[in-house]
Amino acid sequence: MTRPGDATRHYNARMEKLRIQGGRLLSGVVPIGGAKNAALPALAATLLTEQEVRLENVPAVRDVDTTCKLLQQLGVTVQRPSPGVVVTRGSGSTDSEAPYELVKTMRASFLVLGPLLARTGHGRVSLPGGCAIGARPVDRHLDGFVRLGAELRVEHGYVEARCSRLRGAEIAFDVPTVGGTENCMMAATLAQGVTVLRNAAREPEIIDLAMLLKRMGATITGAGTDTIRIEGVDQLHGAEHRVIPDRIEAGTYLIAGALAGEGLELINCCPDHLQSVIDKVRDAGVQVEVLADSLKVTRPALTLPVDLRTQPYPGFPTDMQAQFMVLMTQARGRSVIREAIFENRFMHVPELHRMGADISIDGRSAVVRGRTALSAARVMATDLRASSALVLAGLLAEGETVVDRLYHLDRGYEKLEIKLTAAGAVVQRFRE
Ligand code: UD1
């Protein structure tokens, strides 16, 4: 699958930057792509069968490239015959080691362990370790595998898991985990007997994964609620599946529209998945028109301050916290944003200070005082969603903003500068 030039492209992306000339109004149409966070578990799920799986609406982002590379390493043939389409075919002799070099760049690589264990009885996957937005352990994934009958050993930075055949079990998560729910749900599809996941994550990406697994022959009920029941089967088969739209990409452009939109239209999205974000954006006085699969947004004359707290779905997503904070710099008054999912997810704040924002951090809360006129600066992306927040700030700031370390942004946003340019922004990728 690896397309010629992939390695060079990634190398180049390390030195690429984005130049944004702020102050333009945004209008026209932004097409929303497939959800990265649904595509990654779907790709991992293809390890559960030797047959062909065809996924559509897969975004062309770096995390997808990394996952495809990982699948190849595990013996899967991966083809990308046309934009948005990934076709996989497993081999009889699956290799079962996910190396540190790939896992360290993307924590979602850990999602291959459940499928490997279930299908081959063995998996050796590097522990993801810390990342920019906090410790992010995988202990809840591992507890789940142990309950399913796996034996685990942690050695040399790797988790090695073995089992003869997994057995269905009750797994109660103390706190919901998206990746843990996905990993255990995939593993349980091939276990002997019934597995019940309690206090499961309810994100739309979980429902999408369950949909794919069901198309592959799995028996699953309750995805999207906090109790998921999986009846194990002997084997899964090939399937075709279309990945849901990316709610975080849509949410990011929704904030762009709230900051600078004049009837900016987001198409091919799923407004239902964005309800908590739409509600908060409306509370800020922004006009949002909702249709079946599109949104239209216009900035308000006066932006109002709004307090929020990030929560598991259907609450306000942590992946939209940084972007919403940029909107709050434009609100007249004080707003308090509490990050309840991850520790250390305010790394965009010092960069926003450099653009003139008035934000103070008190533990897990950020207090934003607005309105402040933002001014262009050279800023550095620190993680995926923080980098999109800097782009949003750049769209508004007076002068030329340069966003460095674009490789964070490229992990999860497809054709960002092309989409923004089409909407009237002045954004350019360049190398220095
Ligand atoms: C997924 C998303 C990510 C999003 C996050 C929360 C993907 C690929 N990534 O990440 O974009 O920000 O959900 O919505 O879908 N935790 C533990 N032990 C575990 C697992 C998690 O303590 O075994 C903690 C994490 O550190 C975090 C919280 O639980 O504080 C939630 O994490 P989780 O829902 O697992 O997030 P991810 O699946 O990693």
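Basis of the calculations
Residues numbered from 1 in each chain as written. Predicted model: local features only at pLDDT ≥ 70, side-chain atom pairs only at ≥ 80, totals over all residues. Heavy atoms only, no water. Pairing = 2+ DSSP bridges. Helix = DSSP H or I, 4+ residues; strand = E, 2+ residues; numbered from the N terminus. Right-handed = clockwise from strand over helix to strand, strands pointing away. Core = buried A, V, L, I, M, F, W, Y, C linked by side-chain atoms within 4.5 Å. Buried < 20%, exposed > 50% of the residue type's maximum accessible area, 1.4 Å probe, protein only. Contact = heavy atoms within 4.5 Å. Axes fitted to C-alpha atoms, helices over the stretch in contact; angles between N-to-C directions.

Engineer: Would you take a moment to explain the pairing of strand 19 (residues 333–338) for this structure?
Structural biologist: A regular strand places its side chains so that they alternate between the two faces of the sheet. Bridge count between strand 18 (residues 308–309) and strand 19: two bridges; the pairing is parallel. Paired with leucine 308 across the two strands is isoleucine 337, which belongs to strand 19. Taken together, strand 18, helix 11 (residues 321–328) and strand 19 form a β-α-β motif whose crossover is right-handed. With six bridges connecting them, strand 19 and strand 21 (residues 365–370) associate as antiparallel partners. Bridging across to strand 21, valine 336 finds its partner in valine 367.

Engineer: Mind showing me how you'd approach the nonpolar core here?
Structural biologist: Where a protein is soluble and globular, its nonpolar side chains tend to be buried together. The biggest cluster of nonpolar side chains holds 71 residues, and the ones touching the most others in it are Leu48, Val112, Leu166, Met185, Leu197 and Leu213. It is helix 2 (residues 36–45) that contributes the most residues to this core, seven residues altogether. With residues near it in sequence (within four places) discarded, valine 112 still touches Ala44, Leu47, Leu70, Leu74, Ala98 and Val125. Formed by 67 residues, the second largest nonpolar core is a distinct cluster that contains Ala258, Leu266, Val297 and Leu327.

Engineer: Is there a simple way to explain the sheet that holds strand 2 (residues 29–31) in this structure?
Structural biologist: Pairing between sheet strands relies on hydrogen bonds along the backbone, with the strands arranged either parallel or antiparallel. With mixed pairing, the four strands of this open sheet are ordered in space as 2-15-17-16. Looking at the sheet topology across the chains shown, the edges are occupied by strand 2 and strand 16 (287–290). The average undirected angle you get between the axes of adjacent strands in this sheet is 20°. Its contacts with the sheet place helix 9 (residues 247–260) against strand 2, strand 15 (262–267), strand 16 and strand 17 (294–298), and it is angled at close to 175° to strand 15. Across the sheet, helix 10 (residues 275–283) is in contact with strand 16 and strand 17; its angle to strand 16 comes to roughly 145°.

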